[in-house]
Amino acid sequence: MGDNGGISRYVVLAAVDDSEMKHEVVRVCANLARTIPGAELHLVHVVENLPPPVVLVPRPTGLGITTGEIVAAARAKLDALAAEARPAFEGRMIAHLAAGSAWKQILQVAIDVQADVVLVGTHGRTGVKRMILGSVAEAVVRKAACPVIVVRAKDYHALVPPEIEPACPDCLRTQRETKGTQLWCERHMEPHPRGHVMYELPRAR
């Protein structure tokens, strides 16, 4: 990392696609960047399956539109997502519009800007659906040379695996009513049945 006025540069790179997860990725990356001194936020969107040459000549595609029109629409979406991030993050923000294989372009941008962390979205599906919808996130996680945060919508009802017990409704109500200052209901205040020991650490002075 370089140095910017005595504050270390920290590059947060978020990959956004055309799925609904893009809004969650933007929310998470903006909130993360806001907490890090010297952070700069990079948003990358990859347009796949463009006919060559990549973006230089607006030639017609099979859909009757030009590559120039496809790229213009992609840039408009990227600009709109950057606008979503602005209320949470006021620092340096850079947009990257690339063409080609999504995971390759994401990792190429990560290398080019020396990203400290990469965020990618996933729907959290499994099996064949994971192969179709999660292949980009999986490739980025496996091949990245920096930490990767996989972003998915928070849903402790639909995504809890069968091996994990659902949260205690009374504990959840206690957390809501105390705004998180108390984590367990009266029944679970006793030694935890799952072999879970919890203790709060002192705050930094």
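For the structure itself, look to the data block above.
Residues numbered from 1 in each chain as written. Predicted model: local features only at pLDDT ≥ 70, side-chain atom pairs only at ≥ 80, totals over all residues. Heavy atoms only, no water.

Focus on the overall build of the chain
- The helix and strand tally for the chain stands at 6 helices and 7 strands.
- In the chain, the succession of α and β elements from N to C terminus is β-β-β-α-β-α-β-α-β-α-α-β-α.
- For the chain, with 205 residues in total, the buried portion stands at 33%.
- In the chain, the share of contacts with a sequence separation of at least 24, taken over all contacts with a separation of at least 6, comes to 66%.
- Counting only carbon and sulfur atoms, one obtains 55% of the accessible surface of the chain, whose full area is about 13700 Å². (Helix = DSSP H or I, 4+ residues; strand = E, 2+ residues; numbered from the N terminus. Buried < 20%, exposed > 50% of the residue type's maximum accessible area, 1.4 Å probe, protein only. Contact = heavy atoms within 4.5 Å. Areas by Shrake-Rupley, 256 points an atom, 1.4 Å probe, with all protein chains shown as cover.)

Examining the pairing of strand S3 (residues 10-15)
- With 5 of its 6 residues buried, S3 lies for the most part within the structure.
- Strand direction decides the pairing type here: S3 and strand S4 (residues 39-47), joined by 6 bridges, are parallel. If you follow Ala 14 over to S4, its bridge partner there is Leu 43.
- Alignment of S3 against strand S6 (residues 117-121), held across 3 bridges, turns out to be parallel. Residue Val 12 lies in a different strand from S6, and its bridge partner there is Val 117. (Pairing = 2+ DSSP bridges.)

Some remarks on a nonpolar patch on the surface
- A grouping of Val 197, Tyr 199 and Leu 201 is seen on the molecular surface, where their side chains present a nonpolar patch of about 410 Å² in accessible area.
- Looking at where Tyr 199 falls in the secondary structure, it is placed in the segment after helix H6 (169-177). (Patch = residues over 30% accessible without salt bridge, like charges linked within 9 Å, V, L, I, M, F, W, Y side chains within 5 Å. Salt bridge = Lys/Arg side-chain N within 4 Å of Asp/Glu carboxyl O.)

Here's the deal with the pattern of salt bridges
- Under the definition given, this model contains 5 salt bridges.
- Note that Glu 40 is salt-bridged to Arg 9, the shortest N-O span being 2.9 Å. Linking Glu 40 in strand S4 with Arg 9 in the loop between strand S2 (7-8) and S3, this pair joins segments that are 31 residues apart in sequence.
- Classification of Glu 40 by relative accessible area gives buried; the value is 6%.
- One salt-bridge network, held together by shared partners, links Arg 9, Glu 40 and Arg 92.

Regarding the side chain of Glu 24
- Here Glu 24 lies in helix H1 (residues 21-34).
- A polar contact of 2.7 Å, which involves the side chain of Glu 24, links it to the side chain of Arg 27.
- What Glu 24 contacts, discounting residues up to four positions off in sequence, is Val 151, Arg 152 and Ala 153. (Polar contact = N/O pair within 3.5 Å; in protein donor to acceptor, adjacent residues only side chain to side chain.)

Section: the nonpolar core
- Among the nonpolar cores identified, the biggest contains 23 residues, and Val 12, Cys 29, Leu 41, Leu 43, Phe 89, Met 93 and Leu 119 are the most heavily contacted of them.
- It is H1 that provides the largest number of residues to this core, a total of 6 residues.
- Every residue in contact with Phe 89, bar those within four places of it in the chain, is listed here: Ala 30, Ala 33, Arg 34, Ala 39, Glu 40 and Leu 41.
- Of all hydrophobic cores here, the second largest spans 19 residues; its members include Val 44, Val 46, Val 109 and Ala 144. (Core = buried A, V, L, I, M, F, W, Y, C linked by side-chain atoms within 4.5 Å.)

Focus: helix H3 (residues 102-113)
- With 12 residues, H3 should reach 16 Å at 1.5 Å per residue; the first-to-last C-alpha distance of 17 Å fits that figure.
- Along H3, the positions that sit buried rather than exposed are Ala 102, Ile 106, Leu 107, Val 109, Ala 110 and Val 113. The arc enclosing the buried residues of H3, seen along the axis, measures out at 155°, which places them on a common side. Structural note: H3 exposes Ile 111 and Asp 112 on the side pointing more than 90 degrees away from its buried face.
- Each element contacted by the buried residues of H3 is listed here: S3, S4, strand S5 (93-99), S6 and helix H5 (135-143). (Expected span 1.5 Å × (residues − 1). Arc of directions from axis to C-beta.)

Focus: the sheet that holds S6
- The 5 strands are arranged S5-S4-S3-S6-S7 in an open sheet whose pairing can be described as parallel. Because the sheet does not close on itself, it has two edges, and the strands there are S5 and strand S7 (148-151). Within the sheet, the average angular offset between the axes of one strand and its neighbour, ignoring direction, is 20°.
- Inspection of the sheet shows S6 paired to S7 by 4 bridges, in the parallel sense. Counterpart to Val 120 in the pairing with S7 is Val 150. (Axes fitted to C-alpha atoms, helices over the stretch in contact; angles between N-to-C directions.)

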